[in-house]
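# An overview of the molecular structure
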Amino acid sequence: MLKKIMKGAHRKPSKSDSTDASFYGFGPPGSRNPGSGPSPNVVVNHASRTGPYAPGPNSGVPMVPPPMGTVEPLPLFRDVPISERQNLFMRKLQICCFQFDFSNTLKSVREKEIKRQTLLELVDFIQSGSGKITEMCQEEMIKMVGINIFRCLPPASHENTGQEAMDPEEEEPYLEPSWPHLQLVYELLLRYVVSSDTDTKVAKRYIDHSFVLKLLDLFDSEDPREREYLKTILHRIYGKFMVHRPFIRKAINNIFYRFMYETERHSGIGELLEILGSIINGFALPMKEEHKLFLVRALIPLHKLKPVAMYHQQLSYCITQFVEKDYKLADTVIRGLLKYWPLTNCQKEVLFLGELEEVLEATQSAEFQRCMVPLFRQIARCLNSSHFQVAERALFLWNNEHIVSLIAQNRQLVLPIIFEALERNIQSHWNQAVHGLTVNVRKMFLEMDAELFDECQIRFAEKEARAREVEEQRQMTWKKLADVAAQRGEDYMVTV
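Residues numbered from 1 in each chain as written. Predicted model: local features only at pLDDT ≥ 70, side-chain atom pairs only at ≥ 80, totals over all residues. Heavy atoms only, no water.

The subject of this paragraph is the packing of helix H18 (residues 388-395) against helix H21 (residues 432-448). Where H18 contacts H21, the two axes come as close as 10 Å, and the packing angle between them is 20°. Between H18 and H21, the crossing angle belongs to the class labelled roughly parallel. Along this stretch, H18 crosses H21, giving a crossing that reads as left-handed. Taking contact as the criterion, the partners of Phe-388, Ala-391, Glu-392 and Leu-395 in H18 are, on H21, Ala-433, Val-434, Leu-437, Thr-438 and Val-441. In the contact of H18 with H21, the residues fall into 7 nonpolar, 1 polar and 1 charged. (Axes fitted to C-alpha atoms, helices over the stretch in contact; angles between N-to-C directions. Helix = DSSP H or I, 4+ residues; strand = E, 2+ residues; numbered from the N terminus. Parallel < 35°, antiparallel > 145°, perpendicular 65-115°, else oblique. Left-handed = near helix turned anticlockwise from the far one by under 90°. Contact = heavy atoms within 4.5 Å. Nonpolar A, V, L, I, M, F, W, Y, C, P; charged D, E, K, R; others polar.)

Written out as structure tokens, the structure reads:
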């Protein structure tokens, strides 16, 4: 019996065996037969998570571990003649097309390690530039990358529980179980994109619009390690493939629209904004109208969303880059911030005040004059905020020399707007730090223009006197009403 089994193990492969091998990813890489590549996945998309596109060259394979004994380690590149390396490269790509179930750490341990080592060899081969790979190898490599990374993302943790999305700093992020393989696949793609041997005219056939769109969909992954790789790769693709630049900008724009007006949930907004920060920095002057529309329609409205704190740092950088590139946009940006200024969220107010300072630092006098009246009305409201951090952050604006110089040039309009807020802080604000900062700002205005300061003080005193008179009149009116009501109550009182 044992001899029969041993004979069966060493028998010659039949045609049916070759079909089975194709099913598990061992079909000829260039073949177009139905059984020549991994079978497309059948997936059920979650309601709010983006799944893969219709099955194509980059579609996934079933989560079925290969039969035992089918994955065997191949020789190293240095151990074969140069003429054989392209064929060996293709065979290694075939091994990397295998998909494994990482939910069970004890399953297919040997095969997983073989694939990991093979991916490492491919990364080293591309990075070393020891041999320029053929077009067919490039095509199959991008297919293998797609098979591994393009997948249906699991539902976000808050979607399972129905709770609000939490701050990523406060909860443990979801970590992709297959990361030991995924990381190497991303590293391979990155090395291919940045390699000086990669010809963009050839590579753009495989890294096409469909591929870029699928990459962008993966930015919704909850794993921060994956998003970091995606950010670097997409940035490099944008830099190297000029033909894709308008498409990438438009696709990111569409992600922002969907985030703002449909889902209000996305894990990768911060990373996409980081990429945009570099893109905006490279915009040529005079700035195109499409870039200005992007600022007005996509970037500024991102301030209104509840989870803005998660990506505010990157958003603020993008906004400031626009103003530094074209100072005439300062008025548009400041009015946009005022439009979406938070009314009840004090932490958001602190963020907005910080961004406002950065924008004002890049603002010229002419643009400042256009928006200073509504701007300082809002700042006056912040000065009187009962939340000490908001009041304190607003007062810190006077520590910025450029902002103080803009205020000094326009003090005739600015001081009358905020004088009352300063006086009320000195009279009644509960926080000592805010009280002390207010005294310093008040002193600064006094030294800046004593005559104007006295005028504002007189006006404020007159306004207070009028307010007291109105209050006294109101109290007297209520007293009269109360007396009349009491008198009529006595007249109509029935004694039993």
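Now for the packing of aromatic side chains. On inspection of all chains with the given rule, the structure shows 19 aromatic pairs. Ring geometry for Phe-256 versus Phe-294: centroids 6.4 Å apart, planes at 25°, classification stacked. Remark: Phe-294 occurs in helix H13 (residues 289-299) and Phe-256 occurs in helix H11 (residues 245-263); sequence separation between them is 38 residues. Residue class for Phe-256 comes out buried when judged on its relative accessible area of 0%. A relative accessible area of 10% places Phe-294 in the buried class. (Phe/Tyr/Trp six-rings, centres within 6.5 Å; stacked < 30°, edge-to-face > 60°. Buried < 20%, exposed > 50% of the residue type's maximum accessible area, 1.4 Å probe, protein only.)

The next thing to look at is the environment of Asp-199. Its location among the elements puts Asp-199 in the loop between helix H7 (179-194) and helix H8 (200-203). Residues Asp-199 and Lys-240, 41 residues apart in the sequence, show an inter-C-alpha distance of 9.8 Å.

Looking now at helix H15 (residues 330-339). In terms of burial, H15 is a largely internal element, 7 of the 10 residues being buried. Within the span of H15, buried status applies to Ala-330, Asp-331, Val-333, Ile-334, Gly-336, Leu-337 and Leu-338. Looking at the packing, one finds that the buried side of H15 touches H13, helix H14 (312-325), helix H16 (346-361) and helix H17 (365-383).

This paragraph deals with the nonpolar core. Of all hydrophobic cores here, the largest spans 134 residues; its most connected members are Phe-89, Ile-207, Phe-256, Leu-273, Leu-299, Phe-376 and Trp-398. By residue number, the principal contributor to this core is H7, which donates 10 residues. Apart from residues no more than four positions distant in its own chain, Phe-376 is found in contact with Phe-368, Trp-398, Ile-407, Val-414, Ile-417 and Ile-418. (Core = buried A, V, L, I, M, F, W, Y, C linked by side-chain atoms within 4.5 Å.)

Turning our eyes to something else, we now look at the confidence of the model for the protein. Here the protein averages 85 in pLDDT, and 81% of its residues register 70 or above. Of the regions scoring below 50 in pLDDT, residues 1-69 engages in 98 contacts with residues more than four places distant in sequence or in other chains. (pLDDT = per-residue confidence, 0-100.)

Attention shifts here to unusual backbone geometry. Working note: non-glycine residues mostly have negative phi, and peptide bonds are mostly trans. Of the consecutive residues Leu-285 and Pro-286, the connecting peptide bond is found in the cis state with omega at -5°. You can see Pro-286 is positioned in the loop between helix H12 (269-281) and H13. Non-glycine residue Ser-108 carries a positive phi angle of around 50°. Along the chain, Ser-108 turns up in the loop between helix H3 (85-96) and helix H4 (109-128). In the Ramachandran plot, Glu-264 falls in the positive-phi region, its phi being about 60° despite a non-glycine side chain. For Glu-264, the location among the structural elements is in the loop between H11 and H12. On the basis of relative accessibility, which here comes to 43%, the residue Glu-264 falls in the partly exposed class.

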